Amino acid sequence: MSDVDDLRPRVAAAVGALRERAPLVHGATGSVTRALVADGLLAAGARPMLTESAAEAPTLVTVADALLVNLGSLSTDGMVGFLPTARTAAERGVPWVLDPTAIGVAPVRTPLARELLALRPSVVRGNASEVLVLAGGTTGGRGADSTACPEAAARAARALALDHACVVAVSGEVDLVTDGRRSARISSGTPLLTRVTGTGCLLGALTAAHLAVATPFVAAVAATALLTVASERVAHLRPGSFRVGLLDALDEVGADEVAGEVRLAWG
Amino acid sequence: MSDVDDLRPRVAAAVGALRERAPLVHGATGSVTRALVADGLLAAGARPMLTESAAEAPTLVTVADALLVNLGSLSTDGMVGFLPTARTAAERGVPWVLDPTAIGVAPVRTPLARELLALRPSVVRGNASEVLVLAGGTTGGRGADSTACPEAAARAARALALDHACVVAVSGEVDLVTDGRRSARISSGTPLLTRVTGTGCLLGALTAAHLAVATPFVAAVAATALLTVASERVAHLRPGSFRVGLLDALDEVGADEVAGEVRLAWG
Amino acid sequence: MSDVDDLRPRVAAAVGALRERAPLVHGATGSVTRALVADGLLAAGARPMLTESAAEAPTLVTVADALLVNLGSLSTDGMVGFLPTARTAAERGVPWVLDPTAIGVAPVRTPLARELLALRPSVVRGNASEVLVLAGGTTGGRGADSTACPEAAARAARALALDHACVVAVSGEVDLVTDGRRSARISSGTPLLTRVTGTGCLLGALTAAHLAVATPFVAAVAATALLTVASERVAHLRPGSFRVGLLDALDEVGADEVAGEVRLAWG
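Residues numbered from 1 in each chain as written. Chains lettered and ligands numbered in written order. Predicted model: local features only at pLDDT ≥ 70, side-chain atom pairs only at ≥ 80, totals over all residues. Heavy atoms only, no water.

Chain A is annotated in an unreviewed UniProt entry as Hydroxyethylthiazole kinase from Janibacter terrae. Under Sequence similarities (unreviewed entry), UniProt gives the following word-for-word description of chain A: "Belongs to the Thz kinase family." (UniProt positions renumbered as here; feature names shortened; annotations may be inferred.)

A. How the structure looks around the interface of chain B and chain C. Counting residues at the interface gives 25 residues for chain B, matched by 25 residues for chain C. Here chain B meets chain C over a buried area of about 2,300 Å², counting both sides, of which 50% is carbon and sulfur. Taken together, chain B and chain C are joined by five salt bridges. Note that B:Asp251 is salt-bridged to C:Arg238, the shortest N-O span being 2.7 Å. Counting across the interface, chain B meets chain C through 11 residue pairs in polar contact (both at pLDDT 80 or more). When contributions to the side of chain B that touches chain C are tallied by element, the ones reaching two or more residues are helix H2 (34–44), strand E2 (47–50), helix H3 (57–60) and helix H10 (239–252) of chain B. For the side of chain B that touches chain C, the element with the highest residue contribution is H2(B), accounting for six residues. Among the residues making up the side of chain B that touches chain C, the classes are represented as 13 nonpolar, three polar and nine charged. (Contact = heavy atoms within 4.5 Å. Buried area = accessible area lost by both parts, 1.4 Å probe. Salt bridge = Lys/Arg side-chain N within 4 Å of Asp/Glu carboxyl O. Polar contact = N/O pair within 3.5 Å; in protein donor to acceptor, adjacent residues only side chain to side chain. Helix = DSSP H or I, 4+ residues; strand = E, 2+ residues; numbered from the N terminus. Nonpolar A, V, L, I, M, F, W, Y, C, P; charged D, E, K, R; others polar.)

B. Broad picture of the UniProt feature "binding site: substrate" (unreviewed entry) in chain A. Residues and elements named next belong to chain A. Per the UniProt record, the feature "binding site: substrate" (unreviewed entry) sits at Gly198. Take Gly198: it is sitting in the loop between strand E8 (183–186) and helix H8 (199–211). Residue contacts for Gly198: discarding those within four places in its chain leaves Thr33 and Leu36.

C. Structural detail: the interface of chain B and chain A. Contact residues are listed per partner, giving 25 residues for chain B and 25 residues for chain A. The interface formed by chain B and chain A contains five salt bridges. For the salt bridge of B:Arg238 with A:Glu252, the shortest nitrogen-to-oxygen distance reads 3.6 Å. Inspection of the chain B/chain A interface yields 11 residue pairs in polar contact (both at pLDDT 80 or more). Sorting elements by how many residues they give to the side of chain B that touches chain A places H10(B) first, with five residues.

The following block contains the structure:
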């Protein structure tokens, strides 16, 4: 894949395969965004299963096709349940995404993210601040926002990917997906994605869903392409209507359109 | 009630009485679907009260007109709180619905569902897989999906209803409501109901709401009729808009229309 | 501020400053309404951060510009986390709002609300029943509804405000904001606000957001003005569409329009 033209058909194939196979995606994710994550997975063609308690999540992940672990609004159930759930996924070969939401100031989730990172996620997905903190560079932003420099984050992402043999996806005005050697940049999307709670979590969930049907690199690019191309269809709306329209667009947009319309570049 | 024409006026009366009396419905239900459950109850004319912790839920249920216990995305609070809450409801004569979401593989909720079943729910509501597991027949589907044969589920539902002196409602392409001796089938609805998270939970909550104003059998039929007739009004929409339109339709549809338009049969 | 005309420009300035400064609002609030609270804060121009566990919330509040503590659908995490979080806010000078949702019958949240009240909230926000219970007058309504007399609640609110040196906001058909000496009444709004779950929680969150840019009295008036004026724009819709349209309107309505259109009086 030295050419973007090689990547586009893989994106189309992944988005199409998701709809055809309807993978079961286990989402261990914060309570604020669960409904959007579940509805977004359904709209894209996947099937959601969301539970986080240590008593059930490690067992339930064994029947899933992929897992998302997202640290947003971390509960006690999540603090106790995330590690055994991710460990089971790693042992059973269930591909999984780590989304280290708002690490930095938060005292529990920052070391927890590092422990999770040792359990071989296929993809790490975060904003620039979160990726920099995970890579050891800074102490992070405030809340779920990112205040970091994109280029510093790109260097951190490449290092993180090489160190942990995973794909790292950094969301921002331009999204970056890297395995440490090659990097794709996706510049589709709309600032409205930051005006609705949970679109970052949904991107993590869609990445997990695509892991069931594609390689980690293609899965991360395809999920970003799907969400951002869908978002552009409803970029003229205000935030309440945008959230609704985004779900409609995830259902409506064709796999070939996603691959054809995404603004994609290497580098 | 040997004739469907005898059932229709009871459905109309129940849907109308719900709006008139605005019963307070205690929902002990998973975090993913709570907002849809609460908004759906409000749209239908009931008043929601959602809490699940053992420290508060057993006390709060004493002021409620009906209770829903739903095992979806079971939290530690729910594991500890559901049994004392249902026990209090049973002792105080508060009618209640058991929705054993995703039992089967899940290690805690499967035995918990059996313990709850011993506390005399008025209605058990689930999909075919869940009803088969609860009746002891199989080990269940994956997640909240159903993979079971409808006729096997109908037999299991009738046996479950007779064994536990309750009404059993099985959702699917055709919904079944049975008390073990007689059974109603409702074939209204749209596949879009499976493309939005929480419509099954909402059906359980609407069933609980109708328990405050009707017998268990009529309550289960009326709730199914209300939700499926409302869903047909917005069946042309994509999933994001469908979720919004479903709430609008629950508010808008008339009680007589629900009773008149529902596709209902005995058997 | 002896004249309503003195209050209007302060309301306009507060609503405008919120959008300009985008304060980070920490919401410790129930799981049912978190998505609406977060999306409503974003639509109004603030940035939400929602977490409630004792392990993280007291640390995270130190980077916030304001805090909301809402007792709705109280979880075990909230029971344990709310007091240390509010204590940290009080110690660090982070202004905060106490929303004692559904106190009265609920056995844990009623004494918890009193302990929280001792930690110097800038604003206490509730319906008439909740304010009467907190002031010691009654044992409260059922669930999150209010059954109390507005005038009795107004007296209780003034007493509560004087006793605790805070502003008390009582929502109802006419909203009241008082510091014990002077009181503003806002009669804008629509009954649809009671047909959607979480609009009371959202009002508490918007009040917290305005605390970052205005005095407690002006913050409570401005938040009520913003929400009720926005609600009137979409008062012709049914509840599902109303929830969506309300978020759009929070984004769209101008600060001067809010101040100009709000039905505001002293007394």
